[in-house]
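Here's the letter readout for the chains.
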Amino acid sequence: MNTRKLRTPAVIAAAAGIAVFGLAACSSSSSPTNEATPEVTAPSGAVTSGSGQEIMSPGGLKTPVNYPSGLTVDVVKADRVTVAAQGPGEISGPGISFLIKLTNKSDSEIKLDNVAVNAFYGKGKTPASPAPTSATPFSGTLGKGMSTEAAYVFNVPSGADPVELQFSYATNAPVAVFVGKP
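About the cut-offs
Residues numbered from 1 in each chain as written. Predicted model: local features only at pLDDT ≥ 70, side-chain atom pairs only at ≥ 80, totals over all residues. Heavy atoms only, no water. Pairing = 2+ DSSP bridges. Helix = DSSP H or I, 4+ residues; strand = E, 2+ residues; numbered from the N terminus. Buried < 20%, exposed > 50% of the residue type's maximum accessible area, 1.4 Å probe, protein only. Contact = heavy atoms within 4.5 Å. Phe/Tyr/Trp six-rings, centres within 6.5 Å; stacked < 30°, edge-to-face > 60°.

Draft legend 1. Layout of the sheet that holds strand S3 (residues 59-60). The strand order S3-S14-S13-S8-S9 describes an open sheet built from 5 strands, whose pairing is mixed. For this open sheet the edge positions go to S3 and strand S9 (126-127), each flanked by a neighbour on one side alone.

Spelled out as structure tokens, the structure:
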């Protein structure tokens, strides 16, 4: 005869409930937010992004940024446009198209495959959704003494000002910031 006790359904249900409660308490919220990447102040006093990259002081949309590496970034145009959704997940509606020009004044090639361009709008710096099929992003390498242009398009509500454009080409280079009204 087997003398082992069988667990009652009430005990099993209680154990399962405790396990589910414990997992729920340990998980983090995955609901989306409208918060931009937080900025923090590094010990040196420089402002950095959440990833640790230094953020340059904001300049105007028409003010070129010269990196110490010899790369110059210039927002050639910032135009209000109507974005037409072309792919899955894209949204039609008002937006802004940024034409960005890069000039390599250094003595070596500059890799452009890691270029990141982000846009924010309004006083709360709401992240703008990119419209990737409407854009022609940077890629490849930029030879010494050469220039290239690329377009980046973002969904931005009509009249949402100011607009902030952030440009980064390498994790060890600071983020250039352009602010203004297109």
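The discussion continues.
Draft legend 2. Highlighting the environment of alanine 119. As for its placement among the helices and strands, alanine 119 is situated in strand S8 (residues 116-121). For alanine 119, a relative accessible area of 3% gives the class buried. Separated by 21 residues in the primary sequence, alanine 119 and phenylalanine 98 place their C-alpha atoms 9.7 Å from one another. Setting aside anything within four residues of it in sequence, one finds alanine 119 in contact with Phe98, Thr126, Pro127, Ala128, Phe154, Glu164 and Leu165.

Draft legend 3. Just the packing of aromatic side chains, in detail. Under the defined criterion, the tally for this structure stands at 4 aromatic pairs. For the ring pair tyrosine 67 and phenylalanine 167, a centre distance of 6.5 Å and an interplane angle of 55 degrees mean the geometry is tilted. Here phenylalanine 167 lies in strand S13 (residues 163-168) and tyrosine 67 lies in the loop between strand S4 (65-66) and strand S5 (71-83), a separation of 100 residues in the sequence. Residue tyrosine 67 shares its accessibility class with phenylalanine 167, and that shared class is buried. Measuring from ring centre to ring centre gives 6.1 Å for phenylalanine 98 and phenylalanine 154, while their planes differ by 70 degrees; the resulting arrangement is edge-to-face. With phenylalanine 98 in strand S6 (residues 93-104) and phenylalanine 154 in strand S12 (residues 147-155), this residue pair connects regions lying 56 residues apart in the sequence. Taking the relative accessible area as the measure of exposure, phenylalanine 98 reaches 0% and is therefore buried. An aromatic cluster of three or more residues is present, and its members are Tyr67, Phe167 and Tyr169.

All quantities given are derived from atomic positions and should not be read as evidence of function.
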